[in-house]
Amino acid sequence: MAQPDDVLDDDNYPAYTMGRAAEIVGASQDFLRRLDEAKLIIPFRSAGGHRRYSRYQLRLAARAREMVDHGTALEAACRIIILEDQLEEALQQNRNHQLRRQSGAA
């Protein structure tokens, strides 16, 4: 079982209900459902089937809301965010690979 400190520090822990997530993001619950339909964020489900969101997912939702508020179509905003996320992951993997190579060469 996870320790409380582990859960509090875990950006991927599904701590927020849909209502609280919508409040934090400043969007409607329907907006969060639409992000799920667009496959930007797929909420975790509690044993009772209720949607639960992590801090990481809330950051993505807030970014999508910001883009939509500035006139970007929802589907385009989701695609942009997904691509940005994939790019950041690839860059991080590249940095990690370079660090491993450098530490092996030293």
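Placed above this text is the structure.
Residues numbered from 1 in each chain as written. Predicted model: local features only at pLDDT ≥ 70, side-chain atom pairs only at ≥ 80, totals over all residues. Heavy atoms only, no water.

Caption draft 1: Geometry of the packing of helix α2 (residues 18-25) against helix α3 (residues 29-37). In the contact formed by α2 and α3, the axes pass within 9 Å of each other and the chain directions differ by 100°. Here α3 runs roughly perpendicular to α2, going by the angle between their axes. Judged by residue contacts, Met-18, Gly-19, Ala-21 and Ala-22 of α2 engage Gln-29, Leu-32 and Arg-33 from α3. Among the residues forming the contact of α2 with α3, the class breakdown is four nonpolar, two polar and one charged. (Axes fitted to C-alpha atoms, helices over the stretch in contact; angles between N-to-C directions. Helix = DSSP H or I, 4+ residues; strand = E, 2+ residues; numbered from the N terminus. Parallel < 35°, antiparallel > 145°, perpendicular 65-115°, else oblique. Contact = heavy atoms within 4.5 Å. Nonpolar A, V, L, I, M, F, W, Y, C, P; charged D, E, K, R; others polar.)

Caption draft 2: How the structure looks around the nonpolar core. Among the nonpolar cores identified, the biggest contains 20 residues, and Leu-32, Leu-35, Leu-40, Ile-41 and Tyr-53 are the most heavily contacted of them. Elements with a minimum of two residues in this core: α2, α3, α4 (55-69) and α5 (74-105). (Core = buried A, V, L, I, M, F, W, Y, C linked by side-chain atoms within 4.5 Å. Buried < 20%, exposed > 50% of the residue type's maximum accessible area, 1.4 Å probe, protein only.)

Caption draft 3: Representation of the sheet that holds strand β2 (residues 44-45) in the model. Within the open sheet, the three strands sit side by side as β1-β3-β2. Their pairing is antiparallel. Here the strands that pair on one side only, and so sit at the sheet edges, are β1 (16-17) and β2. Looking at chain direction, β2 and strand β3 (residues 51-53) are connected through two bridges and run antiparallel. Across the sheet, residue Arg-45 finds its bridge partner in β3, namely Arg-51. (Pairing = 2+ DSSP bridges.)

Caption draft 4: Summary view of the packing of α2 against α4. Here α2 crosses α4 at 50°, and the two axes come no closer than 9 Å. Considering their axes alone, α2 and α4 lie oblique with respect to each other. In this structure, α2 crosses over α4, and the sense of that crossing is right-handed. Packed against α2, whose contacting residues are Ala-21, Ile-24 and Val-25, the element α4 presents Leu-58, Ala-61, Ala-62 and Arg-65 at the interface. Per-class residue counts for the contact of α2 with α4 are six nonpolar, no polar and one charged. (Left-handed = near helix turned anticlockwise from the far one by under 90°.)

Caption draft 5: Up close: α4. Look at α4: 21 Å from first C-alpha to last across 15 residues, which is about the 21 Å you get at 1.5 Å a residue. Those residues of α4 lying buried are Gln-57, Leu-58, Leu-60, Ala-61, Ala-64 and Met-67. Backbone geometry just after α4 places Gly-71 at a positive phi near 100°. (Expected span 1.5 Å × (residues − 1).)

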